[in-house]
Amino acid sequence: MNEDRAARYHRLRRRASVVSTLAGVSWLSALYLTGASAALAAWALRLGRLPGIVVFILVVALGCEIASLPFVFYRAFLLERKYGLSSEPLSLWLRDHLKALGLGLALTTVAGLAVFGAIALAGHAWWIVAAGLFFVAALVLSRIAPVLLMPLFYRFRPLERAALCERLLTLSRRAGVPVLGAFEWGLGEKTTRANAALVGVGRTRRILVSDTLLKDYSDDEIEVILAHELAHHVHHDIWTALAVETLVVTAALYAAQTAAAGAGLSPALGGAAALGALPLMVLAAGGVSFLLKPVANAWSRHNERRADRFALALTRRPAEFITAMRRLGAQNLAEERPSTPVRWFFHTHPTIDERIATAKQFRAA
């Protein structure tokens, strides 16, 4: 399972993530503590209220991007290449990163405008309205992501292996999860990882099987992997996870309101000082989100364990489940034995050993 290599990879990746986050925190802290944020807000609002808010949000967001970029580049490109997990050239990585940056800035701007719109509408109770808007936005994104967002970064085409395609569609019907179709997911031009997914909701729901999975895995293994993904839709895990995330966002937004009010900069007061409180609000919200991350991760691991049991019951293929997990763990450099704090804060899935133990228990029963 390449345990030593995998453990080293994940340790370096986590370290880069932490340093990247600290770089962003340093930028936001410097903006607020030096008074630069208030000065920038006063200058931006001279452009008009709406343009000023947009300019302020973009400057703050771009500053975070620039501060964290060296560490993001190390984590997402250099480290992936070093450990044989990336197959994309630098030019392709840069192109994707720029597309992700543009998309991220657009979504951040819309989110910021939604927050200030909620402030104008609800005053000190803005955080409740903003949390509701987050929930609605997440619902919309879950529907349009397979159609509009994922094709920006990956190539998709109808699954050409007719027998496998029909087998997967039959499996989805047995599970009671209607799908639009089955598609080959072009991961191979960017990564050596293998994966399968069931993305979208309603009429946009579709089966995705990566070309790297099709290349090396048997049809039986692919079927049991997809059965796991079907389970999330059968159990409505998307909606329960969204509910948990909305609760976390609500707490984070309340923390942002409390922090700003405690500093005498309640957003409901309006003006440059209130707009300049945005870095403080982001820091407070981010801190609460981090502290609540173990709750969201624990819920995710619960859902993943239940999905494994469902996949085993639906396919009756514990042997193929075990071989698939072992191969995926080795190919994707899964971390075998994370420490307890690492599992709490970084792991959304049970370890490979735990998942294999579940399959062995199923086979014994």
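What counts and how
Residues numbered from 1 in each chain as written. Predicted model: local features only at pLDDT ≥ 70, side-chain atom pairs only at ≥ 80, totals over all residues. Heavy atoms only, no water. Buried < 20%, exposed > 50% of the residue type's maximum accessible area, 1.4 Å probe, protein only. Helix = DSSP H or I, 4+ residues; strand = E, 2+ residues; numbered from the N terminus. Pairing = 2+ DSSP bridges. Expected span 1.5 Å × (residues − 1). Axes fitted to C-alpha atoms, helices over the stretch in contact; angles between N-to-C directions. Phe/Tyr/Trp six-rings, centres within 6.5 Å; stacked < 30°, edge-to-face > 60°. Lys NZ or Arg CZ within 6 Å of the ring centre and 35° of its normal. Salt bridge = Lys/Arg side-chain N within 4 Å of Asp/Glu carboxyl O. Core = buried A, V, L, I, M, F, W, Y, C linked by side-chain atoms within 4.5 Å. Contact = heavy atoms within 4.5 Å. Patch = residues over 30% accessible without salt bridge, like charges linked within 9 Å, V, L, I, M, F, W, Y side chains within 5 Å. Areas by Shrake-Rupley, 256 points an atom, 1.4 Å probe, with all protein chains shown as cover.

Engineer: Hey, could you run me through the pairing of strand 3 (residues 196-199) in this one?
Structural biologist: Regular strands show a simple pattern: their side chains alternate between the two faces of the sheet. What you see with strand 3 is no split at all: A196 and L198 on one side and A197 and V199 on the other are buried throughout. Counting the residues that bridge the hairpin from strand 3 to strand 4 (residues 206-210) gives 6 residues, and of these G200 lies at a positive phi of roughly 85°.

Engineer: Can you help me understand the side chain of D211 in this one?
Structural biologist: In this structure, D211 sits in helix 7 (residues 211-216). Judged by relative accessible area, D211 falls into the buried class, the value being 18%.

Engineer: I tried to follow helix 12 (residues 293-315) on my own but got confused; where do I start?
Structural biologist: Counting along an α-helix, one turn takes 3.6 residues, and residues three or four places apart therefore face a common direction. Across its 23 residues, helix 12 extends 33 Å between first and last C-alpha, which sits within 8% of the 33 Å expected from 1.5 Å per residue. Just beyond helix 12, the residue with positive phi is R316, at close to 55°.

Engineer: Is there a simple way to think about the sheet that holds strand 2 (residues 182-185) in this case?
Structural biologist: Two modes of strand pairing occur in sheets, parallel and antiparallel, and in both the strands are linked by backbone hydrogen bonds. Here we have 4 strands laid out as an open sheet, ordered 1-2-4-3, and mixed in their pairing. On the outer flanks of this sheet lie strand 1 (156-158) and strand 3, each paired with one strand and no other. The mean inter-strand angle of the sheet, taken between neighbouring strand axes irrespective of direction, is 30°. Here strand 1 runs beside strand 2; their pairing, made up of 3 bridges, is antiparallel. Paired with P158 across the strands is F183, a residue of strand 2.

Engineer: So what exactly am I meant to see when it comes to the packing of aromatic side chains here?
Structural biologist: Taken as a whole and assessed by the stated rule, the structure comprises 7 aromatic pairs. Measuring from centroid to centroid gives 5.4 Å for F73 and F77, while their planes differ by 20°, and the two rings are stacked. Within this pair, F73 and its partner F77 are both found in helix 3 (residues 49-82), separated by 4 residues, close to a single helical turn. Here F77 falls in the buried class, since its relative accessible area comes to 7%. Considering the side-chain rings of F290 and F345, the 4.8 Å spacing of their centres and the 20° angle between planes classify their relative orientation as stacked. Separated by 55 residues along the polypeptide, F290 in helix 11 (residues 278-291) and F345 in helix 14 (residues 340-346) bring together distant segments of the chain. Counting every residue linked through ring pairs, the aromatic cluster contains F73, F77 and W93. Taking the ring centre of F153 as reference, the NZ or CZ of K99 above it sits at 5.4 Å.

Engineer: What should I look at first to understand helix 11 in this one?
Structural biologist: Over its 14 residues, helix 11 runs 20 Å from end to end, which matches the ideal 20 Å to within 8%, given 1.5 Å per residue. Within helix 11, burial applies to L278, P279, L280, M281, A284 and A285.

Engineer: Which parts of the structure should I look at to understand the pattern of salt bridges?
Structural biologist: A side chain with one charge may pair with a side chain of the opposite charge, provided their charged atoms come close. Applying the stated rule across the entire model yields 19 salt bridges. A salt bridge links E80 to R13; the shortest N-O distance between them is 3.2 Å. Separated by 67 residues along the polypeptide, E80 in helix 3 and R13 in helix 1 (residues 3-33) bring together distant segments of the chain. Residue D96 is joined to K99 by a salt bridge in which the shortest nitrogen-to-oxygen separation is 3.6 Å. One end of the pair, D96, and the other, K99, are both in helix 4 (residues 90-122), 3 residues apart, so they sit about a helical turn from each other. Looking at D96, the relative accessible area reads 11%, which means it is buried. Several salt bridges share partner residues, and in doing so they unite R167, D220, E223 and R317 into one network.

Engineer: When you look at unusual backbone geometry in this model, what are you seeing that I'm missing?
Structural biologist: Among all residues except glycine, the phi angle is most often negative; among peptide bonds, the trans geometry is most common. Despite not being glycine, H236 shows a phi value in the positive range, around 60°. Mapped onto the elements, H236 comes out in the loop between helix 8 (219-234) and helix 9 (237-262). Phi at L333 is positive, roughly 55°, even though this residue is not glycine. Secondary-structure assignment places L333 in the loop between helix 13 (318-331) and helix 14. For L333, a relative accessible area of 1% corresponds to the buried category.

Engineer: Would you take a moment to explain the nonpolar core for this structure?
Structural biologist: General note: in soluble globular proteins, nonpolar side chains tend to be found buried as a group. Core analysis: the largest hydrophobic core is formed by 38 residues, its most contacted members being L168, I207, L213 and I222. Of all elements in the fold, only helix 6 (162-175), strand 3, strand 4, helix 7, helix 8, helix 12, helix 13 and helix 15 (352-364) reach the threshold of two or more residues within this core. Here the element with the most residues in this core is helix 8; it accounts for 7 residues. With residues up to four places along the chain from it excluded, the contact list for I222 reads L164, L168, V209, L213, L214 and Y217. Core analysis: the next-biggest nonpolar cluster, separate from the first, contains 27 residues, L28, V115, W126 and A285 among them.

Engineer: Just checking my understanding: could you explain a nonpolar patch on the surface for this structure?
Structural biologist: Judged by side-chain polarity, V18, L22 and F346 come together as a nonpolar surface patch covering roughly 260 Å² of accessible area. Here V18 lies in helix 1.

So yeah, pure geometry; function would need other evidence.
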